[in-house]
Amino acid sequence: GVGAVVYPALRADSRSRTIDRELPFALRQLATQIRSGVSFQRALLSVAQANYGELSKEVGITLGDMERGRPSDEALMDLHDRTRSHGLRQAIMQIIRTLKTGGGLSEIISGIADDVSFETRMKVRDFTEQLNLINVVFIMIAVVAPVVLTIFVSVMQLPLLGGGGANDFAILAGFVGITGGMLGIILFIKKIEPISS
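Residues numbered from 1 in each chain as written. Predicted model: local features only at pLDDT ≥ 70, side-chain atom pairs only at ≥ 80, totals over all residues. Heavy atoms only, no water.

J.: Outline the pattern of salt bridges, supporting the account with residue identities and numerical values.
T.: Tallying each qualifying case throughout the model produces seven salt bridges. The salt bridge partner of Arg68 is Asp65, with a shortest N-O separation of 2.7 Å. Its salt-bridge partner being Arg125, residue Asp126 comes within 3.3 Å of it at the nearest N-O pair. When salt bridges that share partners are traced, they join Arg70, Glu74 and Asp78 into one network. (Salt bridge = Lys/Arg side-chain N within 4 Å of Asp/Glu carboxyl O.)

J.: Give a description of helix α4 (residues 72–82) that names residues and reports values.
T.: For α4, the full list of buried residues reads Ala75, Leu76, Leu79 and His80. Take α4 and look down its axis: the buried residues cluster within an arc of 150°, on one side only. Check the buried side of α4 and you find it contacts α2 (40–49), α3 (54–67) and α5 (86–101). (Buried < 20%, exposed > 50% of the residue type's maximum accessible area, 1.4 Å probe, protein only. Helix = DSSP H or I, 4+ residues; strand = E, 2+ residues; numbered from the N terminus. Arc of directions from axis to C-beta. Contact = heavy atoms within 4.5 Å.)

J.: Residues and numbers for empty space enclosed by the protein, please.
T.: Considering all chains together, one arrives at one cavity of 30 Å³ or more under this definition. When its volume is computed, the largest cavity comes out at roughly 170 Å³. As for the largest cavity, its lining consists of 16 residues, and the residues nearest its centre are Leu30, Leu44, Val59, Leu88 and Ile95. Going through the elements one at a time, α1 (2–35), α2, α3, α4 and α5 are the ones with two or more residues in the lining of the largest cavity. When the residues that make up the lining of the largest cavity are grouped by side-chain class, the tally is 15 nonpolar, one polar and no charged. (1 Å grid on protein atoms, 1.4 Å probe; cavity = no way out; pocket = protein on both sides within 12 Å on 5 of 7 lines; lining within 4 Å. Points joined across faces, edges and corners; volume = space filled by probe spheres on them. Nonpolar A, V, L, I, M, F, W, Y, C, P; charged D, E, K, R; others polar.)

J.: Pulling in residues and values, what's your account of the packing of helix α6 (residues 105–156) against helix α7 (residues 168–192)?
T.: The geometry of α6 relative to α7 is characterised by a closest axis approach of 10 Å and an angle of 170° between their N-to-C directions. It follows from the interaxial angle that α6 and α7 lie roughly antiparallel. Of the residues contributing to the contact of α6 with α7, the split by class is 20 nonpolar, four polar and no charged. (Axes fitted to C-alpha atoms, helices over the stretch in contact; angles between N-to-C directions. Parallel < 35°, antiparallel > 145°, perpendicular 65-115°, else oblique.)

Structure follows, in structure tokens:
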């Protein structure tokens, strides 16, 4: 039951991270196409046909909606609503606003691409700072905790303390806890790891 609830959220996060990785490049391609005189819809087609993974698939779905007669702003809003990518959602809102007001679309999209790249660099910097603290915790769990547990088990074997030794279940639970802590830290790092573009 927990897996059924958690897995879709993890899958959606993974897709949004994949989209975030490709977004600056796709936006720059879109801006270049529009600047060269190509229509917005044709520029979207070039992104859909490019190798941007999940982003190309999503743009392809949006183009399909437009070709079936759905207005561009509504098709883009559908894309906005079905993605978790913060950068893509922000870009879509700016594009819709520009399409309605008639501003310079290529300049706006280039600016969004620059903003997304800058945000990514800031996330990488913050992640590096967090990683310093996480490394200390990981070393404590991966190196210090097993040594302390081994010493404790050895001391419990001494005749002076009765020589009965520690409970086998307690020892096993200790090492399982250490392993679980290490895996938890690795998963946490993977979750907060920023997408580098």
